[in-house]
Amino acid sequence: MPGTCVVGLQWGDEAKGKLVDILTERHEIVVRYAGGANAGHTVVSNGQTWKLSLIPSGILRDGVACVVTGGVVLDPAAVIKEIDGLESRGVTIAGKLLVSDRAHVVFPWHVAEDKLLDGSLAGGEPIGTTGRGIGPCYRDKVGRSLAIRLGDLYRPEFPAQLAHIAGLKAKLLGTEFDEAAIREEYRQYAERLRPFVCDTTAYLLDAVEAGRAVLFEGAQGALLDVDHGTYPFVTSSNSSGVGISSGSGVPGCWIERVIGVVKAYSTRVGGGPMPTEQDNATGQRIRDRGNEYGTVTRRPRRCGWFDAVAARYTARLSGVDELAVMLLDVLSGFETLEICSAYRIGGNVVTQFPSHADDVKRAEPVYETLPGWHEDLTGVRRFEDLPENARRYLARIGELLGRPVTVVSVGPDRAQTIFCDPAPKRHPWPRPQHPAPANA
Ligand code: GDP
Ligand code: IMO
Ligand code: MG
């Protein structure tokens with residue numbers, strides 16, 4: 001059975017890129033199903049660091065097809081820059097990259113709108129977007145009348161379509177766009193991307209039906225999902241596991257295994273509620289040790305304790321079978337560690353993640369305190385060599401989320417990864433019942 005998915009269970013940057021790169025070894029096709037150039041996925045191998053944004057993290061391996069589906073919003077300048085950067089470092093792109101003709105194209109007005117709108121949410125608190133035009137492009141996709149898909153760039157109607165939309169956007173935004181210059185710029189992008197553009201839905205359906213091993217790479221994190229996250233402090237796509245099918249066109253019956261990726265603590269970039277945030281010396285210590293600065297915008301990430309209420313919700317939402325706990329090495333040296341296992345909201349103690357961001361904002365974390373460890377973990381390669389308190393910490397996360405921890409990461413490099421025994425079990429579809437979470 002073909003499909004495996006790697007999905008972030010927090011607010012992004014859970015080290016999905018590192019895990020996808022490792023799992024690519026056992027897959028033939030790697031697929032990005034949502035998001036755009038707001039993503040920044042890091043892979044470190046043999047002392048070299050790679051930053052991927054629109055191109056799937058599988059691209060570094062030979063013989064692997066990398067698919068950017070119609071669920072992605074595509075900034076052609078960004079993807080071309082990424083292709084050039086990879087090729088200049090010796091990575092082969094030709095014959096490996098496929099980009100959907102259904103992907104919606106990001107235009108300069110989307111970036112302008114993103115910058116204009118981000119500070120003006122009701123209540124005044126900005127979302128703090130990445131400024132890559134993601135929200136406005138998805139809005140035009142759903143609105144239809146102002147949208148252009150990648151496949152449209154090759155059609156004879158494109159110049160008239162562009163002129164019409166550029167004119168309307170100029171009126172709406174009260175600014176001028178040099179339509180002739182944009183048309184020529186995008187004509188050149190289209191020519192450059194022509195060898196990669198195809199019907200990726202048909203390609204992927206053929207692939208799964210032929211039994212090929214496909215790896216779906218989530219972008220962002222499930223708490224940023226437009227329908228199920230901390231709305232409106234979210235991105236504009238279904239970044240949780242629910243987006244796999246709508247983004248790629250591959251139905252859920254082909255997804256055999258979902259790996260939920262979490263950091264051993266919490267981070268968030270941009271605005272919105274984060275109950276376990278430590279805006280203090282503890283948070284700064286995590287930020288320093290974890291080098292918690294955004295891959296895309298370099299903004300300092302907000303840091304805090306592990307939030308099991310939020311991650312248990314997103315593990316259930318994304319149909320997670322097993323957990324990968326990343327950046328565990330960052331927590332060495334704390335005398336004690338806190339895990340949030342419930343929220344206190346208005347006098348009630350709840351374990352259900354609230355549906356409204358205001359309730360998440362009001363939530364006071366109820367913490368369990370666990371003993372820390374002082375050993376440096378970065379050289380550990382076997383689960384049984386982890387300090388006992390680190391193993392206890394992982395076990396508690398697994399218990400609270402009701403899923404087994406099968407992967408532990410102790411450093412950015414490919415090699416700094418522990419695969420736990422027993423090896424991950426492959427579930428047939430439909431899956432057996434998961435054990436009830438300990439605090440249900
Ligand atoms: P992604 O967006 O989910 O792919 O994650 P990012 O690449 O934005 O952020 C994860 C960061 O953590 C990157 O800088 C990685 O190189 C780094 N990283 C990954 N795994 C580990 C780990 O186990 N320990 C440490 N210290 N850093 C890690
Ligand atoms: P990866 O794939 C972390 C956040 C932004 C902002 C909100 C909306 O690297 O995990 P957008 O530009 O999407 O409209 O911004 O979502 N955000 C991310 N945070 N990692 C990401 O991607 C993110 N992509 C978007 O900071 O709060
Ligand atoms: Mg990232």
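Predicted, not measured: the structure shown is a model, and the values here were computed from it.

Participant: Which residues make up the packing of aromatic side chains, and what values do they have?
Facilitator: Under the counting rule described, the total for this entry stands at eight aromatic pairs. Arranged with centres 4.3 Å apart and planes meeting at 20 degrees, the rings of Phe107 and Tyr186 form a pair that is stacked. A residue pair is termed long-range when its members are at least 10 positions apart, and Phe107 in the loop between strand S8 (104–105) and helix H3 (108–117) and Tyr186 in helix H6 (residues 179–193) qualify at 79 residues. Accessibility assignment for this pair places Phe107 and Tyr186 in one class, buried. These aromatic residues form a ring-pair network of at least three members: Phe107, Trp109, Phe177, Tyr186 and Tyr189. We note Arg89 situated over the ring of Trp50; from NZ or CZ to the ring centre the distance is 3.7 Å.

Participant: Explain the confidence of the model for the protein chain to me, and be specific about the residues and the numbers.
Facilitator: Confidence in the prediction of the protein chain, expressed as mean pLDDT, is 94, and 94% of residues score 70 or more. Contacts for the low-pLDDT stretch residues 423–440, under 50 throughout, to residues beyond four places or in other chains number 34 contacts.

Participant: Can you lay out the pattern of salt bridges for me, pointing to particular residues and giving the numbers?
Facilitator: Applying the stated criterion across every chain yields a total of 27 salt bridges. Here Arg414 makes a salt bridge to Asp21, at a shortest N to O gap of 2.5 Å. A residue pair is termed long-range when its members are at least 10 positions apart, and Arg414 in the loop between strand S19 (405–409) and strand S20 (417–419) and Asp21 in helix H1 (residues 16–24) qualify at 393 residues. We classify Asp21 as buried; its relative accessible area is 0%.

Participant: Go over the coordination of the magnesium ion (ligand 3) with me, naming the residues and quoting the values.
Facilitator: Within the protein, Asp13 (OD) and Gly40 (O) serve as the donor atoms for the magnesium ion (ligand 3), at 2.1 to 2.2 Å. Of this pair, Asp13 sits in the loop between strand S1 (3–8) and H1 while Gly40 sits in the loop between strand S2 (29–32) and strand S3 (41–45), placing them 27 residues apart in sequence. Under the relative-accessibility criterion, Gly40 is labelled buried at 12%.

Participant: Would you mind going over the side chain of Lys96 in detail, with residue names and values included?
Facilitator: Looking at the secondary structure, you find Lys96 in the loop between helix H2 (76–88) and strand S7 (97–100). As a buried residue without a salt bridge, Lys96 has its nearest oppositely charged side chain in Asp62, at a separation of 4.1 Å. Here Arg61 takes part through its backbone oxygen, which lies 3.1 Å from a polar atom of the side chain of Lys96. In this structure Lys96 touches Ile59, Arg61, Asp62, Val64, Ala65, Cys66 and Val91, once residues within four positions along its chain are discounted.

Participant: Report on the layout of surface pockets, specifying residues and quantitative values.
Facilitator: In this structure, the largest pocket occupies an estimated 1100 Å³ of space. Among the elements of the structure, H3, helix H4 (134–143) and helix H8 (243–248) are those that each provide at least two residues to the lining of the largest pocket. In terms of residue class, the lining of the largest pocket is made up of 19 nonpolar, 22 polar and nine charged. There is about 550 Å³ of room inside the second largest pocket. Around the second largest pocket sit 27 residues that line it, and Thr42, Gly290, Arg301, Leu327 and Pro412 are the ones nearest its centre. Where the lining of the second largest pocket is concerned, the elements lending two or more residues are H1, S3, strand S4 (48–52) and helix H9 (281–290). Considered class by class, the residues forming the lining of the second largest pocket number seven nonpolar, 10 polar and 10 charged.

Rules and cut-offs
- Residues numbered from 1 in each chain as written.
- Chains lettered and ligands numbered in written order.
- Predicted model: local features only at pLDDT ≥ 70, side-chain atom pairs only at ≥ 80, totals over all residues.
- Heavy atoms only, no water.
- Phe/Tyr/Trp six-rings, centres within 6.5 Å; stacked < 30°, edge-to-face > 60°.
- Helix = DSSP H or I, 4+ residues; strand = E, 2+ residues; numbered from the N terminus.
- Buried < 20%, exposed > 50% of the residue type's maximum accessible area, 1.4 Å probe, protein only.
- Lys NZ or Arg CZ within 6 Å of the ring centre and 35° of its normal.
- pLDDT = per-residue confidence, 0-100.
- Contact = heavy atoms within 4.5 Å.
- Salt bridge = Lys/Arg side-chain N within 4 Å of Asp/Glu carboxyl O.
- Donors = N, O, S within 2.8 Å, 3.2 Å for Na, K, Ca; no water.
- Lys, Arg positive; Asp, Glu negative; His and termini not counted.
- Polar contact = N/O pair within 3.5 Å; in protein donor to acceptor, adjacent residues only side chain to side chain.
- 1 Å grid on protein atoms, 1.4 Å probe; cavity = no way out; pocket = protein on both sides within 12 Å on 5 of 7 lines; lining within 4 Å.
- Points joined across faces, edges and corners; volume = space filled by probe spheres on them.
- Nonpolar A, V, L, I, M, F, W, Y, C, P; charged D, E, K, R; others polar.

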